[in-house]
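Chain and residue survey
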Amino acid sequence: MASPRLSFRNITALAPMVRVGTLPMRLLALDYGADVVYCEELIDLKMVQCQRVVNTVLQTVDFVAPDDRVMFRTCEREKDRVVFQMGTADPDRALAVARLVEKDVAAVDVNMGCPKEYSTKGGMGAALLSDPDKIEAILKKLVAGVSIPVTCKIRILPSLQETVDLVQRIERTGVAAVAVHGRFKEERPRHPVHCDYIQAVAQAVSVPVIANGGSLDLVKTNADVAEFKRASGASSVMLARAAMWNASVFSSQGPLPLEKVMEDYLKYAIRYDNNAFNTKYCLCQMLRDKVESPLGKQVQAAQTNTEISKAYGLQTFYQHTQEELQARRDTSQTSSQPERPVMDGDVTTMAIRREYPPQITPKMFLLEWSRKEKLEQPHYDTVERSQDRSFQSTVTVAEKKYRSSLWEKSKKFAEQASAIVCLRTLGIPEGRIGEEDSGLVSKRKREGKINGSAEEKRKKLHVASIPETVSSGVAVETNGDHHRAEQP
Ligand code: FNR
């Protein structure tokens, strides 16, 4: 069933904010009572290169750049509430981006207010304000080309009349709402907002006008939202800094203590594997003048989400979440991938699940075997996937490459998995129970490393048998130092 079209009348929205408007902050704002949440501005040139990836582990939809960076992450919870904001100066590219995200968001917005050089020099952001023909072309193309509402966000122009004329022209393109940041493009966030401009615009058009710019002097708590609405004559209000400082500004129950807000935010950041530097940035914005406090210093020094969690006493939550995510990762991989060799280009791959004892490792077996065969030491090449911080390793042995098709949560596990693929493909023992002693690892080493409780633990592990398909799916020769693994 199609989602209901998002209405922009009589709403309170989280404003688009670079670095702040990522998934954890948007979900937090929704929890506290925001009706609509905007993502940070994302540039069309970057977005058009992205691929839409369903992330079954995080249960999100990710838009992933060719360099593996997740540019935009969203989820079902916000689907009917999130507005995707783009920076663009090109109607065709804008449409391509809007179509890419159309199924996963409630509306698309074009930023026409950013005064920063990186935006204006490409003709985007506030540069568009002096090119109304371009504005019209972009908005008309979007309105005609996508099935979801289209909005835009502007700053005010030097005179009231120019501002009203522009918004009336924008209204005729068929947009669903116009957000008006009541400052001139030369003005900085510390300058007072011009409510009279927003009011004049709101009176001149029938499309919903969303008032923005009141965080500094007008809106401190939810109770102030109504006053900002009244003063600006707009039907809706959009909050940026007030929400960034304390997202519970959206709550009609009154603002919550900052400690609670930071904790709620951090839980979302952990749950959705938010980039640690982004998490830090948002927490520092919330800490504001407390950023030099002992907690602030700990946050600033942290390099990972684990370290940030520690600063807030959320280690247990972090650990449980990681375990849950790993369980989902295992389930989704197990159900989708068979454990038999498949060629991927020149690499022999297999879906390897971790079932071996940590004491005698497949890497060690492979190393011993390579030495015995007088081969060069196995070479491991490991890559990290940024969308879920998992690892995949390719091991090269005698100029042949092997890797597990499953992604692991650590570099160490990824290397062990690739070693297993090599050992299984070549039919070399890997130290599992019931396997004939290969003689690869000296008796003393074996006994020294696996004894007592370690041996017990090892027995408890369910150890997989070598898949039958090793011989039927792949031709393998292991005579001396020549071996080959090809598809039949
Ligand atoms: C912004 N702003 C902004 N605007 C926009 O349209 N797209 C964006 O990506 C950003 N990024 C951004 C980042 C940060 C850290 C801040 C503080 C602001 C501007 C913002 O949406 C808003 O127009 C102004 O901050 C004025 O509103 P407030 O803060 O008075 O509610």
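Going by the structure above, here's the rest.
With mixed pairing, five strands are arranged side by side in an open sheet as β13-β14-β17-β16-β15. Each edge of the open sheet carries a strand with a single partner, namely β13 (342–344) and β15 (379–385). The average undirected angle you get between the axes of adjacent strands in this sheet is 30°. Sheet strands in contact with helix α15 (residues 362–372) are β15 and β16 (390–397), and its direction is about 15° off that of β16.

This part is about the nonpolar core. If you look at the biggest cluster of nonpolar residues, it comprises 118 residues, and the most contacted ones within it are Phe-8, Met-47, Phe-84, Ile-154 and Tyr-312. When residues of this core are assigned to their parent elements, the largest contribution, eight residues, is made by helix α10 (residues 258–271).

Listed in full, the buried residues belonging to helix α3 (residues 91–101) are Pro-91, Ala-94, Leu-95, Val-97, Ala-98 and Val-101. Angular distribution of buried residues about the axis of α3 spans 165°; they occupy a single face of the element. Check the buried side of α3 and you find it contacts α2 (44–47), β5 (60–64), β7 (82–87), β8 (107–112) and α5 (132–145). N-capping of α3 is provided by Asp-90, with a side-chain oxygen placed 3.0 Å from the backbone N of Asp-92.

Right, let's talk about the site of the ligand for a bit. The full set close to the ligand counts 18 residues, and Val-18, Gln-85, Asn-212, Ser-215 and Arg-241 are the nearest of them. Contact between the ligand and Pro-16: an oxygen atom at 2.8 Å from a main-chain N or O atom of the residue. Residue Lys-153 places a side-chain N or O atom 2.8 Å away from an oxygen atom belonging to the ligand. Burial of the ligand by the protein amounts to 84% of the accessible area it has alone, namely 610 Å². Of the residues contributing to the shell around the ligand, the split by class is seven nonpolar, seven polar and four charged.

Here we take up the pattern of salt bridges. For the coordinates displayed, the defined rule picks out 16 salt bridges. With its nearest N and O atoms 2.7 Å apart, the salt bridge here joins Glu-136 to Arg-169. Taken as a pair, Glu-136 in helix α5 and Arg-169 in helix α6 (residues 160–171) lie far apart in primary sequence, 33 residues in all. Residue Arg-169 is classed as partly exposed on the basis of its relative accessible area of 25%. Two residues, Glu-415 and Lys-411, come together in a salt bridge whose shortest N-O distance is 3.4 Å. A residue pair is termed a helical-turn pair when its members lie 3 or 4 positions apart in one helix, as Glu-415 and Lys-411 do in helix α16 (residues 411–426) at four residues. By relative accessible area, which is 46% here, Lys-411 ends up partly exposed. Each of Asp-133, Glu-136, Lys-140 and Arg-169 takes part in a single network of salt bridges with overlapping partners.

This paragraph deals with the packing of aromatic side chains. For the coordinates displayed, the defined rule picks out four aromatic pairs. Between the aromatic rings of Phe-184 and Tyr-197, the centroid separation amounts to 5.3 Å while the plane-to-plane angle is 90°, which identifies the pairing as edge-to-face. Note that Phe-184 is positioned in strand β10 (residues 177–184) and Tyr-197 in helix α7 (residues 195–204), a separation of 13 residues in sequence. The buried category is assigned to Phe-184, whose relative accessible area is 16%. Taken together, the ring pairs connect Phe-63, Phe-72 and Phe-84 into an aromatic cluster. Sitting over the ring of Tyr-281, Arg-19 keeps its end group 4.7 Å from the ring centre. We note Lys-267 situated over the ring of Phe-317; from NZ or CZ to the ring centre the distance is 5.4 Å.

Here we have three strands laid out as an open sheet, ordered β4-β5-β6, and antiparallel in their pairing. Since the sheet does not close on itself, it has two edges, and those belong to β4 (51–55) and β6 (70–74), each with one partner. Strand-to-strand twist of the sheet, defined as the mean angle between neighbouring strand axes without regard to direction, takes the value 25°. Sheet topology note: the β5/β6 ladder contains four bridges and is antiparallel. Of the residues in β6, the one forming a bridge with Phe-63 is Phe-72.

On the surface, Arg-19, Lys-116, Arg-188 and Arg-190 cluster together into a patch of positive charge. By secondary structure assignment, the location of Lys-116 is in the loop between β8 and α4 (117–120). Classification of Lys-116 by relative accessible area gives partly exposed; the value is 48%.

About the cut-offs
Residues numbered from 1 in each chain as written. Predicted model: local features only at pLDDT ≥ 70, side-chain atom pairs only at ≥ 80, totals over all residues. Heavy atoms only, no water. Pairing = 2+ DSSP bridges. Helix = DSSP H or I, 4+ residues; strand = E, 2+ residues; numbered from the N terminus. Axes fitted to C-alpha atoms, helices over the stretch in contact; angles between N-to-C directions. Contact = heavy atoms within 4.5 Å. Core = buried A, V, L, I, M, F, W, Y, C linked by side-chain atoms within 4.5 Å. Buried < 20%, exposed > 50% of the residue type's maximum accessible area, 1.4 Å probe, protein only. Arc of directions from axis to C-beta. Polar contact = N/O pair within 3.5 Å; in protein donor to acceptor, adjacent residues only side chain to side chain. Near = heavy atom within 4 Å. Areas by Shrake-Rupley, 256 points an atom, 1.4 Å probe, with all protein chains shown as cover. Nonpolar A, V, L, I, M, F, W, Y, C, P; charged D, E, K, R; others polar. Salt bridge = Lys/Arg side-chain N within 4 Å of Asp/Glu carboxyl O. Phe/Tyr/Trp six-rings, centres within 6.5 Å; stacked < 30°, edge-to-face > 60°. Lys NZ or Arg CZ within 6 Å of the ring centre and 35° of its normal. Patch = residues over 30% accessible without salt bridge, like charges linked within 9 Å, V, L, I, M, F, W, Y side chains within 5 Å. Lys, Arg positive; Asp, Glu negative; His and termini not counted. Charge placed at Lys NZ, Arg CZ, Asp CG, Glu CD.

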